[in-house]
Amino acid sequence: MAEDTGLRGRGAGSPAPASERAYLQRRTLRRGSAGWLLLTGLGVAYVVSGDYAGWNFGLAEGGFGGLAVATVLMGLMYACMVFSLAELSSILPTAGGGYGFARRALGTWGGFLTGTAILIEYVLAPAAISVFIGGYVESLGLFGLESGWPVYLACFVLFTGVHLWGVGEALRFSFVVTGIAVAALLVFCVGALTHFDGGSLNDIAVDSSAFGSGSWLPYGLLGIWAAFPFGMWFFLGVEGVPLAAEEAKDPERTLPRAMAAAIGILVLLALLTLLPAAGAAGSEAIKDADNPLVAALETATGGDPTTLSRIVNYAGLAGLVASFFSLIYAGSRQLFALSRAGYLPRFLSLTSRRKAPYLGLIVPAAIGFGLAAATGDGARMLNIAVFGAAVSYVLMSLSHIVLRRREPGLHRPYRTPGGVWTSSVAFVLACSAVVATFLVDPTAAGIALILYVVAVGYFAFYSRHRLVAGAPEEEFAALAEAEAELEKG
């Protein structure tokens with residue numbers, strides 16, 4: 001392959017050969033396209049669909065108390081992880097995100113395993129959400145369409161097309177749709193609270209055989225653990241903000257600010273969703289609902305659709321679109337960074353005249369559409385995505401700990417409050433979340449492991465011998481290795 005010439009093994013500090021400069025020039029993104037406000041919107045957009053659907057299945061695993069405790073613990077995990085990633089992204093503001101951080105802290109294997117886990121999350125999640133969008137389109141009777149492959153194809157073609165047009169346009173579109181979804185959540189909260197009854201929270205029948213069971217924890221203490229993956233749905237994806245680093249304005253300042261603002265908004269939305277929904281209708285009534293917010297409003301008003309429930313129903317579709325749209329963006333940037341550095345086939349990181357990684361957008365979209373059309377199983381695909389996310393959280397939190405211990409003098413424009421104690425909390429909770437995915441859906445976790453094994457085989461036998469030394473994440477790691485050699489000398 002012609003592009004291989006001169007791309008391997010360049011020493012740190014050595015000038016880049018012409019072949020390497022030409023290679024990287026064909027793989028550049030549009031810088032300065034997003035300020036902190038658009039990045040904050042991106043962080044919320046990744047997640048907002050999780051407020052409209054999915055989290056309520058945790059009520060069937062742990063009851064209201066179990067899901068509430070799980071949500072608090074997962075919220076703590078995400079907050080600790082986000083503040084850890086804010087520090088890491090200020091050190092290395094590149095499109096590699098978690099892969100880049102782990103590459104320096106844990107070596108090439110750590111970088112590859114982290115990037116692969118993130119990629120599993122961001123390829124599978126849009127496929128799952130396209131199925132959910134199809135369900136909403138059918139239930140709302142839009143254009144007389146039924147859920148199926150034509151709807152899934154329309155989603156991928158339309159929204160991938162917007163991303164191909166340009167990142168600034170894409171992020172502004174996402175910001176507007178996310179704003180609509182968030183506004184509707186606030187309207188839902190006000191409407192649901194008018195029917196709130198605290199006694200309805202704990203109306204799920206108690207399983208007396210479960211250890212520690214009671215009205216608050218009808219499935220016992222183990223139910224808290226089993227509800228972890230559903231508590232994650234209130235926050236899943238916010239960690240993708242650093243993937244926009246190369247397209248952000250002043251990333252060393254804007255990324256930490258945007259991540260902190262996004263997690264604060266998401267914590268508030270989780271509270272304003274879980275408590276009013278369960279209190280208005282009862283946990284039992286919504287624990288298996290595909291559209292829990294609408295189900296909560298209709299149950300609270302006697303089962304008949306109301307103007308408010310219809311508004312929330314349409315807003316739910318907007319929330320799904322916002323998350324689908326932004327997750328496509330995140331997946332393309334992670335794929336771009338891994339491909340640019342040679343971990344994945346290099347042609348996937350080529351960018352267009354508008355500085356969009358067109359193959360990094362089209363290939364995952366084709367895979368996502370194929371999975372959605374072939375299976376139609378949105379819940380299973382989302383559980384696979386959750387497993388990949390949880391594994392990446394373990395590795396990213398560990399990366400922060402290792403870099404703090406091994407390189408305390410590294411320039412850090414932003415420092416994580418609490419230091420390694422903060423990232424250690426995230427690490428322990430992330431390990432627990434990985435195990436919890438096996439409690440909820442062992443099949444999905446098994447499928448994710450198989451995908452991992454295939455990817456590891458590709459890396460072990462092929463791509464790890466063909467890495468691109470001049471990629472930003474690789475240069476960052478090579479610099480650390482050179483400094484270590486100097487210290488030894």
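Refer to the structure above for everything that follows.
Quick caveat, the model's predicted, so the values are computed rather than measured. (Residues numbered from 1 in each chain as written. Predicted model: local features only at pLDDT ≥ 70, side-chain atom pairs only at ≥ 80, totals over all residues. Heavy atoms only, no water.)

Asker: Can you break down empty space enclosed by the protein residue by residue, with the values?
Answerer: For the coordinates displayed, the defined rule picks out three cavities of 30 Å³ or more. One number sums up the size of the largest cavity: a volume of about 70 Å³. Taken together, the residues that form the lining of the largest cavity break down as nine nonpolar, three polar and no charged. By volume, the second largest cavity is sized at about 50 Å³. Looking at the second largest cavity, the residues that line it are Leu85, Gly97, Gly98, Phe101, Ile118, Tyr122, Glu239, Gly240, Pro242, Leu243, Gln334 and Met396. (1 Å grid on protein atoms, 1.4 Å probe; cavity = no way out; pocket = protein on both sides within 12 Å on 5 of 7 lines; lining within 4 Å. Points joined across faces, edges and corners; volume = space filled by probe spheres on them. Nonpolar A, V, L, I, M, F, W, Y, C, P; charged D, E, K, R; others polar.)

Asker: Any details on helix H6 (residues 149–165)? Residues and values, ideally.
Answerer: The first and last C-alpha atoms of H6 sit 24 Å apart over 17 residues, in line with the 24 Å expected at 1.5 Å per residue. Residues of H6 that are buried: Val151, Tyr152, Cys155, Phe156, Phe159, Thr160 and His163. Seen from one end, H6 has its buried residues packed into an arc of 140°, which puts them on one side. Summarising the geometry of H6, the exposed residues directed more than 90 degrees from the buried face are Val157, Leu158 and Trp165. (Helix = DSSP H or I, 4+ residues; strand = E, 2+ residues; numbered from the N terminus. Expected span 1.5 Å × (residues − 1). Buried < 20%, exposed > 50% of the residue type's maximum accessible area, 1.4 Å probe, protein only. Arc of directions from axis to C-beta.)

Asker: Could you give an account of unusual backbone geometry, with specific residues and numbers?
Answerer: In this structure, Asp250 is a non-glycine residue whose phi angle is positive, near 45°. Summarising the element assignment, Asp250 is placed in the loop between helix H9 (228–231) and helix H10 (251–281).

Asker: Just give me the short version of the side chain of Asp441, but keep the residues and values in it.
Answerer: With respect to the helices, strands and loops of the structure, Asp441 is situated in the loop between helix H16 (420–440) and helix H17 (442–461). On the accessibility criterion, Asp441 (9% relative accessible area) is buried. Here the side chain of Asp441 touches Arg380 through a polar contact of 2.8 Å, side chain to side chain. Ignoring anything within four residues of it in the chain, the contact list for Asp441 reads Arg380 and Asn383. (Polar contact = N/O pair within 3.5 Å; in protein donor to acceptor, adjacent residues only side chain to side chain. Contact = heavy atoms within 4.5 Å.)

Asker: Please set out the packing of aromatic side chains residue by residue, giving values where relevant.
Answerer: If you walk through the whole model with that rule in mind, you get 19 aromatic pairs. Judged by centre distance (5.1 Å) and plane angle (75°), the rings of Tyr78 and Tyr393 are edge-to-face. With Tyr78 in helix H4 (residues 59–91) and Tyr393 in helix H15 (residues 378–406), the pair connects residues that are 315 residues apart, well separated along the chain. Tyr393 carries the same exposure label as Tyr78, and that label is buried. (Phe/Tyr/Trp six-rings, centres within 6.5 Å; stacked < 30°, edge-to-face > 60°.)

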